[in-house]
Amino acid sequence: MSNLMIKNVNIIDMVNPKPYKSNILIKDGKIKEINTSISNQNVETLDGKEQFIIPGFIDTHSHLLLYGLFKELVDVRPEIVKNISDIKKALKQQLPKKDSGEWIVGQGYNELELDEERHITKQELDEVSTEHPIYLRHSSAHMGVANSKALEIANINDETENPEGGYFSKTDGTLNGLLYELPAVEKLLPYLPKPSKEEMIDALKNAAQDYIEKGITTASEASVGLAHGKDDISAYHEYIQLENDINLRIMIDYQLLLNDERIKDKTYQELNEQVQRLSNQKCTLDSAKFFQDGSIQINTAALTQPYKNENTKSEIIIKQETLESLYTSFAEKGFPLTTHANGDAAIKSIIKAYSKIQSLPNYNHETRIEHIQTGEYEDIVAMKNNQISGSFFTNHIYYFGDQHYEKFLGPNRANLIDPARWAEDLGVLYTLHSDCPVTPISPIDNIMIACNRKTKSGRTLGEELKLTRLESLKAMTINGAKLNHTENQNGTIEPNKNADFVILNHNPLDESIDLNDDMIQYTIIGGKVVYKRS
């Protein structure tokens, strides 16, 4: 742990409503004293130059491993490709680098941003190659597109039955290469080239460094198992034993908790004690992770009213009775519970199921809903009444808001997506997140989007639902600490708390300042400077 004095800074401590100028003395990685008169402490000194210091950002929902691994795949994000021809060109450039029959995998694919405004098809991927299996991972992480060779290798054909909760899309009775939702995608994932454990560990290291540069001092892996199933456990098992700067929390897919021989019989307390021991207290087991629907932008979020572009409402993934049984089983083992839900039908299903375990004796752990994009006011009230917390995927307003407004939901529902304002007003504990790599990792972007609620085209969705700068900052700091039950350790700048900070070159509470990542000058974890802008 480090000793350090940070002098001459304006402190935004998340306790007082306004910044104040002072010095901060750090001993053994913790805040020892905050006082204007601190001097002659015989420790390293950092001159803050009247910049602004805030608690380190607490990211409560993203996918570090996927993000790190995706950096090594063919980049077909909207920033890189503009149309189907560009995608094919990017894939063809890989052919000389690949041995015969070797996989070509792309990441960041998003049909909504293509000039054609449609999906690429199996046939178009076959034009790139029928010798190499090709698979594009969708930016939502809830679907993908495969060529004929990839489908053949995965034993998926026109007669293959759809798995419960997902489906293989067809055109005129023939597979068109589109795999919708995790149960369908998971039929192909085992055949993708597996990174070695060392490559997965390197991916985590690289991801953590990028997170630190964005001011994140505590991050949550939102689903161990989403990248490569049980191999994720092996990679994380090794990674958390290394010397790591970032504080980490991990959610584990409930199916792994049920089926993996290494962990399936452990209680939450047993498994968490093991995780904390291996990581020297730098990593904590967060919760058991569930998925109850998909994504709005691929028509798989479960809604109570039909989509604007299709006469469908989609369906919840886990049947209600089964979900309630699963929750009860995990609650009896002491697990906090986290569940993905974008659609209001899925949100209502989860609230109903969570309410059933509130009466279990001695169960007082966190129950969370993630994304909450189309939650209605009555849903947020029900979350309040049932002591359910949540995290809003407010980045969707900017990255997908125009499509929701024009195509998927229509103006009325699109204006009400990600209603963090209601949670704030009702006193529901909530945070904001990017769901990286679905959208770029940047707490400052999360804050900006929650405050201005602007789409890519500049349209404002729900003027009345905007958060203030301070509310949004709290959502990324002290709220995250409360959600993680670490508010006695981090989330504010107060004596005896961990010295986890971000130093910004401008006041983020100043409405005249445009928020951006270039504001970040330092990231400090445990009193140690782990990032300094060059």
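Residues numbered from 1 in each chain as written. Predicted model: local features only at pLDDT ≥ 70, side-chain atom pairs only at ≥ 80, totals over all residues. Heavy atoms only, no water.

- Under an unreviewed UniProt entry, the name given to the chain is Amidohydrolase, and the organism recorded is Mammaliicoccus lentus.

A word on the environment of Ile-252
And then number 1: As for its position among the elements, Ile-252 is in strand S14 (residues 247–253).
And then number 2: Here Ile-252 falls in the buried class, since its relative accessible area comes to 6%.
And then number 3: Taking the C-alpha atoms as reference points, Ile-252 and Thr-431, separated by 179 residues in sequence, lie 20 Å from one another.
And then number 4: Discounting chain neighbours no more than four positions away, the residues touching Ile-252 are Val-224, Leu-257, Ile-263, Leu-271, Leu-285, Ser-287, Ala-288 and Lys-289. (Helix = DSSP H or I, 4+ residues; strand = E, 2+ residues; numbered from the N terminus. Buried < 20%, exposed > 50% of the residue type's maximum accessible area, 1.4 Å probe, protein only. Contact = heavy atoms within 4.5 Å.)

Structural notes on the layout of surface pockets
Think of a ball as big as a water molecule: rolled over the atoms, this probe shows where empty space is left.
And then number 1: Put simply, the largest pocket is a space of about 1000 Å³.
And then number 2: Forming the walls of the largest pocket are 45 residues, and the residues nearest its centre are Asn-247, Asn-280, Gln-281, Lys-282 and Cys-283.
And then number 3: Elements supplying a minimum of two residues to the lining of the largest pocket: S14, helix H9 (268–278), strand S15 (283–291), strand S16 (337–341) and strand S22 (528–532).
And then number 4: The element best represented in the lining of the largest pocket is S15, accounting for 4 residues. (1 Å grid on protein atoms, 1.4 Å probe; cavity = no way out; pocket = protein on both sides within 12 Å on 5 of 7 lines; lining within 4 Å. Points joined across faces, edges and corners; volume = space filled by probe spheres on them.)

Remarks on the pairing of strand S1 (residues 4–11)
And then number 1: Burial of S1 is extensive: 6 of the 8 residues sit out of reach of the surface.
And then number 2: Of the strand pairs in this sheet, S1 and strand S4 (residues 44–47) are connected by 4 bridges, and their pairing is parallel. Paired with Lys-7 across the bridge in S4 is Asp-47.
And then number 3: The pairing of S1 with strand S2 (residues 20–27) spans 6 bridges and is antiparallel. Paired with Ile-11 across the strands is Tyr-20, a residue of S2.
And then number 4: Examined bridge by bridge, S1 and strand S5 (residues 52–55) share 2 bridges and lie parallel to one another. The residue of S5 that forms the bridge with Asn-10 is Phe-52. (Pairing = 2+ DSSP bridges.)

Thoughts on the sheet that holds S14
To summarise the sheet geometry, strands pair through backbone hydrogen bonds and adopt either a parallel or an antiparallel arrangement.
And then number 1: The strand order S6-S13-S14-S15-S16-S17-S18-S19 describes an open sheet built from 8 strands, whose pairing is parallel. Each of the sheet's edge strands pairs with one partner strand only, and the pair in question is strand S6 (57–62) and strand S19 (430–432). Averaged over all adjacent pairs, the angle separating strand axes in this sheet is 25 degrees, with direction ignored.
And then number 2: Where strand S13 (residues 216–224) meets S14, 5 bridges bridge the pair, whose relative direction is parallel. Residue pairing across strands places Ser-220 opposite Arg-249, the latter belonging to S14. (Axes fitted to C-alpha atoms, helices over the stretch in contact; angles between N-to-C directions.)

Here we look at a negative patch on the surface
And then number 1: Taken together, the side chains of Glu-72, Glu-198, Glu-199 and Asp-202 make up a negatively charged region of the molecular surface.
And then number 2: Mapped onto the elements of the fold, Glu-72 is located in the loop between helix H1 (64–70) and strand S7 (74–75). (Patch = residues over 30% accessible without salt bridge, like charges linked within 9 Å, V, L, I, M, F, W, Y side chains within 5 Å. Areas by Shrake-Rupley, 256 points an atom, 1.4 Å probe, with all protein chains shown as cover. Salt bridge = Lys/Arg side-chain N within 4 Å of Asp/Glu carboxyl O. Lys, Arg positive; Asp, Glu negative; His and termini not counted. Charge placed at Lys NZ, Arg CZ, Asp CG, Glu CD.)

Quick look at helix H13 (residues 395–408)
And then number 1: Between its terminal C-alpha atoms H13 stretches only 17 Å, short of the 20 Å expected from 14 residues at 1.5 Å a residue.
And then number 2: Taking the largest bend as the criterion, H13 deviates by roughly 65 degrees, centred on Gly-401.
And then number 3: Buried residues dominate H13, accounting for 10 of its 14 residues.
And then number 4: Every buried residue belonging to H13 is among Asn-395, His-396, Ile-397, Tyr-399, Phe-400, Gly-401, Asp-402, Gln-403, His-404 and Phe-408, and all of these are buried. (Expected span 1.5 Å × (residues − 1). Bend = angle between axes of the 7 residues up to and from the residue.)

Focus: empty space enclosed by the protein
And then number 1: In total, this model carries 5 cavities of 30 Å³ or more according to the counting rule given.
And then number 2: In this structure, the largest cavity encloses a volume near 130 Å³.
And then number 3: If you go around the largest cavity, you meet 19 residues; those closest to its centre are Ser-140, His-142, His-340, His-371 and Asp-435.
And then number 4: Classifying every residue of the lining of the largest cavity gives 6 nonpolar, 11 polar and 2 charged.
And then number 5: The volume enclosed by the second largest cavity comes to roughly 60 Å³.
And then number 6: Forming the walls of the second largest cavity are Phe-57, Ile-444, Ile-447, Arg-469, Leu-473, Leu-504, Pro-508, Leu-515 and Met-519.
And then number 7: Put simply, the parts of the chain that give the lining of the second largest cavity at least two residues each are helix H16 (443–452) and helix H17 (469–475).
And then number 8: Of the residues assigned to the lining of the second largest cavity, the class counts are 8 nonpolar, no polar and 1 charged. (Nonpolar A, V, L, I, M, F, W, Y, C, P; charged D, E, K, R; others polar.)

Focus: the packing of helix H6 (residues 197–213) against helix H7 (residues 230–239)
And then number 1: Axis separation between H6 and H7 bottoms out at 9 Å; the angle between their running directions is 65 degrees. As for the relative orientation of H6 and H7, their crossing is right-handed in sense. Taken together, the residues of H7 that come into contact with H6 (itself represented by Lys-197, Met-200, Ile-201, Leu-204, Lys-205 and Ala-208) are Asp-231, Asp-232, Ser-234, Ala-235, Tyr-236, Glu-238 and Tyr-239.
And then number 2: Among the residues forming the contact of H6 with H7, the class breakdown is 7 nonpolar, 1 polar and 5 charged. (Left-handed = near helix turned anticlockwise from the far one by under 90°.)

As for the nonpolar core
And then number 1: Membership of the largest hydrophobic core comes to 102 residues, with the highest contact counts inside it found for Tyr-236, Leu-337 and Ile-369.
And then number 2: Looking at this core element by element, the count peaks at 8 residues for H6.
And then number 3: Dropping the residues within four chain positions of it, Tyr-236 is found in contact with Leu-64, Leu-65, Leu-204, Glu-221, Val-224, Leu-248 and Ile-250.
And then number 4: Membership of the second largest hydrophobic core comes to 20 residues, among which are Ile-84, Ile-87, Ile-134 and Ile-298. (Core = buried A, V, L, I, M, F, W, Y, C linked by side-chain atoms within 4.5 Å.)

Considering the pattern of salt bridges
And then number 1: Across all of its chains, the model carries 29 salt bridges by this definition.
And then number 2: Across the pair Asp-245 and Lys-528 runs a salt bridge whose closest N-O atoms are separated by 3.2 Å. Placement of the pair is Asp-245 in the loop between H7 and S14 and Lys-528 in strand S22, with a sequence separation of 283 residues.
And then number 3: In this structure Asp-245 comes out as partly exposed when scored by relative accessible area, which is 29%.

Brief notes about the packing of helix H11 (residues 344–357) against helix H12 (residues 377–385)
And then number 1: Closest axis-to-axis distance for the H11/H12 pair is 10 Å, and the angle between their directions is 20 degrees. By the angle between their directions, the pair H11 and H12 is classed as roughly parallel. Considering how the two elements wind past one another, H11 and H12 form a crossing that is left-handed. On the side of H11, the interface is formed by Asp-344, Ile-347, Lys-348 and Ile-351, while H12 contributes Glu-378, Asp-379, Ala-382 and Met-383.
And then number 2: Of the residues assigned to the contact of H11 with H12, the class counts are 4 nonpolar, no polar and 4 charged. (Parallel < 35°, antiparallel > 145°, perpendicular 65-115°, else oblique.)

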